[in-house]
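Chains, contacts and geometry: an overview
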Amino acid sequence: MMSSPSKTDLGSTTTIPMDTNLDKFKLSQEQQTGSSDTGENINDINNNAIIMVNDGDDEEEEKESLLVGSNTSKPTHLLQPLLAQPHPNDQCTNSDEDQDAIKNSKQQPLSKWPDLLDDESALEKNLLQPLPRDISQLRKNVEENGTMTIRSITWNQQAQGFPSIKTLREQMLLPSYFHLVVVGTQECENTIAKSLLYPCKVNWEKLCLDALGFDYELVRGHSLQASHLALYAHRSIVHLLSEVDSTAVATGFCDKLGNKGGIAIKVKIGKTKFCFLTAHLSAFQNQMDKRTFEFLKISKEVARNFGHVERILREGIMDKSTSSSSSEERRTNANNADVFVDDDCLRDDFDPRAFKNHNTTMSTTLTCSFCTKCSKSFRQCSWCCCPDRIKKNDKHNPLLEAFDHVIWCGDFNFRIHGTRDIVDTLLKQNRCDVLLDNDQLTMLMQYDRAFKGFEEGPVTFRPTYKFDRLSDSYDTSSKRRIPAWTDRILFKENNRIELLSYCSARNVRISDHRPVYASFRCSFDVDDTKDPKEVPRELLRSESRSEVCVIS
């Protein structure tokens, strides 16, 4: 069984119940621990531990929320939320209670920031080793051991241009150490607005290929407006790849535009199915629920587009008798097939046989087939008229059933609950434990079903957002954005994947985000029938697709 570096048991975090009256907060004398039931909904916890200020009158100003004390030390004093954080030059000041809390927080002794789980550490521990230069030997090692190394990278470029090939090679890609390299970018090459007209990311794809060297090939690239996902493979394993495909799911304006959304590339390596994803989710401090919905929506549509529906057609679960069977019988058959659709959205005239010879993308066909309330769009149904169905009907994330390995990187935009002053103070005191206790994604992965089955490596790097450009200083503009771990990499939890490194490329200062990388060793089932001399060119076309929206 493969093992990953140990991660602090965040499930033991001590939460502090508080009065829900926003005019005055009172601390209870009793401490309660968070539920250990991973199926519990995060909204139930918010009522007990966290109170968020959800005033959407002005989205240009980030709304703050309360800190939850860590159980590893004396609980951190809580601050009353501030609707807008003043600039240091402004005349307004914090309240007396705020000043007392900050003063008490500053009196805490300095802690030690956790040791980084970066490439340097992995190389010192021999977790990362260079690939053999001899292609025949490398191919033999992969086929005999049934293991390969994978590099996943996410970076919001803020449309600020590219780093040099040397920086890209040494700080991010680290070629000659990995069989597969997956690069997810947001606001890539052009701004979100300019990408409406110029969604192609061929310049970025070529730069990455040049940095990787002639030993690598671009297997597939796919862009959704300003977001992009590319998969590169070492030429020693190209013959093992098959069933390559990609898809995009828009979650932006009206659930159609690709200013926000996700991209997925699937590939079969030997007999094992892989899915690589990137996403750019909704911004702002108070949009945690929307980001959670978008994460699950992308998961559902990706799994449906080239996962479960293919299994229905291949195994013949629904045959000709399906069209004459009752709606209830079809729902029963779908449930037996692990099809993740909502019972209320399965239309009476749904027939999966219609997909067999359809030339359009599955997402276009499927989104016209499910909802009785929104006759032409499952996307509109899922958010506009049926927002509660996800919590009511979904058991877990469908990607976990559709693929053997899932690696998901992106600018998830999850934030840290707290004010700018408190977060700055905790960063100065190296209180990574308290910051993680109040990180939205950390809490969601413990309690929300959408993230159940996914795992993240130990977060030992400092928050990756928001920096002044070409600087290590967090946002000093008038908005004073709260530092946050917006850029993350998740993977399907199983005993066939080992995390080797997980860190930020802290010396790449081009944008207001720091790139984040993760290195994995994965096992797969070798297909002995594959001939190294026969590369499936009909599947590996080095294809790059571009979209700006997804229209139902």
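Please read all numbers here as calculations on a predicted model, not as lab measurements.

**Remarks on helix H5 (residues 165-173)**
Those residues of H5 lying buried are Leu 168, Met 172 and Leu 173. The buried residues of H5 occupy an angular sector of 65° when the element is viewed end-on, so they sit on one face. Residues of H5 that are buried make contact with strand S3 (147-156), strand S4 (180-186) and helix H6 (202-212). Positioned one or two residues after H5, Leu 174 has a phi angle of 50°, which is positive.

**What to know about the environment of Ile 192**
Structurally, Ile 192 is set in the loop between S4 and H6. Spatially, the C-alpha atom of Ile 192 lies 5.2 Å from that of Ala 226, the residues being 34 residues apart in sequence.

**Quick notes on H6**
Within H6 the residues assigned to the buried category are Trp 204, Glu 205, Leu 207, Cys 208, Ala 211 and Leu 212. Summarising the axial view, the buried residues of H6 lie within an arc of 165°, below the 170-degree limit, and thus occupy one face. Looking one or two residues past H6, Gly 213 carries a phi angle of roughly 100°, positive in sign.

**Quick word on the environment of Arg 469**
Its place among the elements puts Arg 469 in the loop between strand S11 (454-456) and strand S12 (487-492). Once residues lying within four places of it in the same chain are set aside, the contact partners of Arg 469 are Gln 160, Arg 509 and Ile 510. There is a polar contact of 2.8 Å between the side chain of Arg 469 and the backbone oxygen of Ile 510.

**Some details on the pairing of S12**
Most of S12 is tucked away, with 6 of its 6 residues classed as buried. Of the two faces of S12, the one carrying Asp 487, Ile 489 and Phe 491 and the one carrying Arg 488, Leu 490 and Lys 492 are both buried. By the bridge criterion, 3 bridges tie S11 to S12 in an arrangement that is antiparallel. Its bridge partner lying in S12, Glu 456 is registered against Leu 490.

**Overview of the packing of H5 against H6**
The geometry of H5 relative to H6 is characterised by a closest axis approach of 9 Å and an angle of 75° between their N-to-C directions. As far as their axial angle goes, H6 and H5 are roughly perpendicular. Residues Ile 165, Leu 168, Arg 169 and Leu 173 of H5 lie in contact with H6, whose contacting residues are Trp 204, Leu 207, Cys 208, Asp 210, Ala 211 and Leu 212. Considered class by class, the residues forming the contact of H5 with H6 number 8 nonpolar, no polar and 2 charged.

**Some points on unusual backbone geometry**
The omega angle of the peptide bond from Tyr 465 to Lys 466 is 0°, so this bond is cis rather than trans. Along the chain, Lys 466 turns up in the loop between S11 and S12. With a phi close to 45°, Arg 480 is a non-glycine residue in the positive phi region. By the element assignment, Arg 480 lies in the loop between S11 and S12.

**Some details on the pattern of salt bridges**
Under the defined criterion, the tally for this structure stands at 19 salt bridges. Between Arg 488 and Asp 439 there is a salt bridge whose closest N-O contact spans 2.9 Å. On the criterion of sequence distance, the pair formed by Arg 488 in strand S12 and Asp 439 in the loop between helix H14 (432-437) and helix H15 (440-447) is long-range, its members being 49 residues apart. No difference in accessibility class separates Arg 488 from Asp 439, as the two residues are buried. Residue Asp 472 pairs with Arg 514 through a salt bridge whose shortest N-O separation is 3.0 Å. Taken together, the residues span a long stretch of sequence, with Asp 472 in the loop between S11 and S12 and Arg 514 in the loop between strand S13 (497-504) and strand S14 (516-523) at a distance of 42 residues. In the salt-bridge network here, residues are joined through shared partners; they are Arg 420, Asp 421, Asp 424 and Arg 480.

**Considering a nonpolar patch on the surface**
A contiguous nonpolar patch, built from Leu 196, Leu 197 and Tyr 198 and spanning about 350 Å² of accessible area, is present on the exposed surface. Along the chain, Tyr 198 falls in the loop between S4 and H6.

**Brief notes about the nonpolar core**
In this structure, Ile 150, Leu 180, Ile 269, Phe 276, Trp 485, Tyr 502 and Phe 520 are the most contacted members of the largest nonpolar core, which totals 81 residues. Other than its neighbours up to four places away in sequence, Phe 520 contacts Met 148, Thr 149, Ile 150, Ser 152, Ile 407, Ile 489, Phe 491, Ile 497, Glu 498, Leu 499 and Leu 500. Counting residues in hydrophobic clusters, the runner-up holds 28 residues, among them Leu 277, Ala 279, Met 288 and Leu 400.

**Some thoughts on the confidence of the model for the protein chain**
Confidence in the prediction of the protein chain, expressed as mean pLDDT, is 73, and 60% of residues score 70 or more. Residue range residues 8-93 is modelled with pLDDT below 50. Its contacts to residues more than four positions away, or to other chains, number 186 contacts. The low-confidence segment residues 312-395, where pLDDT is below 50, has 140 contacts with residues more than four positions distant or belonging to other chains.

**Thoughts on the sheet that holds strand S9 (residues 272-280)**
Spatially, 6 strands are ordered S7-S8-S9-S10-S12-S11 in an open sheet, and the strand pairing comes out mixed. Of all strands in the sheet, those bounded by a partner on one side alone are strand S7 (241-250) and S11. When the angles between neighbouring strand axes are averaged without regard to direction, this sheet yields 20°. Two elements, S7 and strand S8 (residues 261-269), share 8 bridges in a ladder whose sense is antiparallel.

Basis of the calculations
Residue numbering note: each chain is counted from 1, following its sequence as written. Local features are withheld for residues below a pLDDT of 70 in this predicted model, meaning they are given only at 70 or higher, and side-chain atom pairs are given and counted only at 80 or more; totals for whole chains, interfaces and linings count all residues. Note that water and hydrogens are dropped before the side-chain values are worked out from all heavy atoms of the structure. Any residue under 20% of the maximum accessible area for its type is buried, any over 50% is exposed, and the rest in between are partly exposed; the area is computed with a 1.4 Å probe on protein chains only. Segments assigned H or I by DSSP are reported as helices when at least four residues long, segments assigned E as strands when at least two residues long, and all are numbered from the N terminus. Read the arc as the range of directions from the helix axis to the C-beta atoms. The contact definition used throughout considers only heavy atoms, calling two residues in contact when any of these lie within 4.5 Å. Think of a polar contact as two N or O atoms within 3.5 Å of one another; within protein, one of them needs to be a possible hydrogen donor and the other a possible acceptor, and neighboring residues in sequence only count if both atoms come from side chains. The rule for pairing is simple: two strands pair if DSSP sees at least two bridges between them. Every axis in this analysis is a line fitted to C-alpha atoms, fitted for helices over the stretch in contact. Angles between the N-to-C directions lie between 0 and 180 degrees. Angle categories: roughly parallel below 35 degrees, roughly antiparallel above 145, roughly perpendicular from 65 to 115, and oblique for all the rest. In the scheme used here, Gly and all other residues not listed as nonpolar or charged are polar, with Ala, Val, Leu, Ile, Met, Phe, Trp, Tyr, Cys and Pro taken as nonpolar and Asp, Glu, Lys and Arg as charged. Any carboxyl oxygen of Asp or Glu that lies within 4 Å of a side-chain nitrogen of Lys or Arg is treated as forming a salt bridge with it. Candidates for patches are residues over 30% relative accessible area with no salt bridge; among them, like charges are joined within 9 Å and nonpolar side chains (Val, Leu, Ile, Met, Phe, Trp, Tyr) within 5 Å. Here the open area of atoms and residues is found with the Shrake-Rupley method and a 1.4 Å probe, where only the protein chains shown may cover a residue. The criterion is simple. A nonpolar core is a set of buried Ala, Val, Leu, Ile, Met, Phe, Trp, Tyr and Cys residues joined through side-chain atoms within 4.5 Å. Each residue carries a pLDDT score, the predictor's own confidence in it, on a scale running from 0 to 100.

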